[in-house]
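Take a look at the letters that make up each chain.
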Amino acid sequence: MKYIPALGYDFLTAYYDMTIKITMPEKKFRKILVEEISPQVNERILEFGFGTGQNLILAHKANPNTKLEGLDIDPKVKAIAEHKLAKNNIEIPLHLYDGNVLPFADNSFEKVYSCLVFHQLDAETKLNCLKELHRVMKPNGKLIIADWGKAQNKLMRLTFGLVQLLDGFKTTNDNVKGLMPDFISNAGFEDVVVTNSINTAIGTFSYFNAIKK
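Residues numbered from 1 in each chain as written. Predicted model: local features only at pLDDT ≥ 70, side-chain atom pairs only at ≥ 80, totals over all residues. Heavy atoms only, no water.

1. Let's talk about the packing of aromatic side chains
Applicable threshold: We call Phe, Tyr and Trp rings a pair once their centres come within 6.5 Å, taking the six-membered ring for Trp, and we label the pair stacked below 30 degrees between planes, edge-to-face above 60, and tilted otherwise. To qualify as a helix, a DSSP run of H or I must reach at least 4 residues; to qualify as a strand, a run of E must reach at least 2; elements of each kind are numbered from the N terminus. Partly exposed describes any residue whose relative accessible area lies between the buried limit of under 20% and the exposed limit of over 50%, with all areas from a 1.4 Å probe on protein chains only and scaled to the type maximum. Ring-over charges, as used throughout, are those where CZ of Arg or NZ of Lys falls within 6 Å of the ring centre and within 35 degrees of the ring normal.
In the structure shown here, the tally under the stated rule is six aromatic pairs. On the basis of an interplanar angle of 40° and a centroid distance of 5.7 Å, the ring pair of Phe 48 and Phe 118 is categorised as tilted. Here Phe 48, found in strand β1 (residues 44–48), pairs with Phe 118, found in the loop between β4 (109–115) and α5 (123–136); they are 70 residues apart in sequence, far enough to count as distant. The two residues Phe 48 and Phe 118 agree in class, both being buried. Each member of the aromatic cluster is reached from another via a ring pair, and the members are Phe 29, Trp 148, Phe 205 and Tyr 207. For the cation-ring pair, Arg 44 lies above Phe 109, with the distance from its terminal atom to the ring centre recorded as 4.3 Å.

Okay, here's the thing in structure tokens:
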């Protein structure tokens, strides 16, 4: 499956972490994400689109006895994440997949989370990925998506143009229009809520939670 690299272009992947540090309140948004995940002992938790591995490292540090796994489509970021995990002496299984069926059995995970992934997916792919996440989650499992949400004011809408220039207007429009909760509901999840939002230098960053009943 064709995919959009972390910063829109393959040659920019190596600069992803630096770009996040410059453009976003990184400590704050990652801290809130880990709080939303609230990793518990022996919970099997999947990160969909693990990127350079930073969220996995923080989730592991929050609870080393959580059974974390990561899934991504980009071999370049997988290599970066593997290097970072090894540097921190952390062992977490990282999986690559082809963008279609997730390589997991039904009802495998108590929680699934994703950060800065869905704004890079077109509408059809968004829905298909969410349906697959629904499939691999256990009943009463929790979904946490941290990504660009509906712009909270005109300034946030204007600054989000930078993200759209890199990642494409077609894929990002659904997010800035506030349609992510609709996609999540249409994939079969219930109790969809926006639990938090942060206005950053490049747009409104939101946390979407939902439950698989």
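2. Re the nonpolar core
Note the threshold: Only buried residues count toward a nonpolar core, which is a set of Ala, Val, Leu, Ile, Met, Phe, Trp, Tyr and Cys residues joined through side-chain atoms within 4.5 Å. In what follows, residue pairs with any heavy atoms lying within 4.5 Å of each other are defined as contacts.
Ranked by size, the top nonpolar core spans 26 residues in total, and within it Phe 48, Phe 118, Leu 130, Leu 133, Leu 143 and Ile 184 carry the most contacts. At the level of elements, β1, β4, α5, β5 (137–148), α9 (180–186) and β7 (203–211) are the ones that each hand at least two residues to this core. Aside from chain neighbours lying at most four places away, what touches Leu 130 is Phe 118, Leu 143, Ile 145, Phe 183, Ile 184, Ala 187 and Phe 189. Judged by nonpolar contacts, the second largest core, of 25 residues, contains Ile 45, Ile 57, Leu 68 and Ile 92.

3. So, unusual backbone geometry
Positive phi values are uncommon outside glycine, yet Ser 38 reaches one of about 45°. Its identity is not glycine, yet Asn 140 carries a phi of approximately 70°, on the positive side. Here Asn 140 shows up in strand β5. Given a relative accessible area of 59%, Asn 140 falls into the exposed group.

4. Let's talk about helix α3 (residues 54–62)
An α-helical turn contains 3.6 residues, so any two residues separated by three or four positions project in the same direction. If you check which residues of α3 are buried, you get Asn 55, Leu 56, Ile 57, Ala 59 and His 60. Contact partners of the buried residues in α3: α2 (26–37), β1, β2 (67–72), α4 (75–87), β3 (94–96) and β4.

5. What about the side chain of Asn 63?
For Asn 63, the location among the structural elements is in the loop between α3 and β2. What makes Asn 63 buried here is its relative accessible area of 11%. If sequence neighbours within four positions are ignored, Asn 63 has contacts with Pro 39, Gln 40 and Val 41.

6. Remarks on the sheet that holds strand β6 (residues 190–200)
This is how the line gets drawn: For two strands to count as paired, DSSP must find a minimum of two bridges between them. A fitted line through C-alpha atoms represents every axis, and for helices the fit uses only the stretch in contact; the resulting angles, taken between N-to-C directions, go from 0 to 180 degrees.
The seven strands lie next to each other as β3-β2-β1-β4-β5-β7-β6, forming an open sheet whose pairing is mixed. Of all strands in the sheet, those with a lone pairing partner are β3 and β6, marking the two edges. Averaged over neighbouring strand pairs, the angle between their axes works out to 20° when direction is ignored. Bridging between β1 and β2 involves five bridges; their strand directions are parallel. Across the sheet, Ile 45 pairs through a bridge with Leu 68, a residue of β2. Those strands touched by α2 are β1, β4, β5, β6 and β7, and its axis lies near 5° from that of β7. Sheet strands in contact with α5 are β1, β4 and β5, and its direction is about 145° off that of β5.

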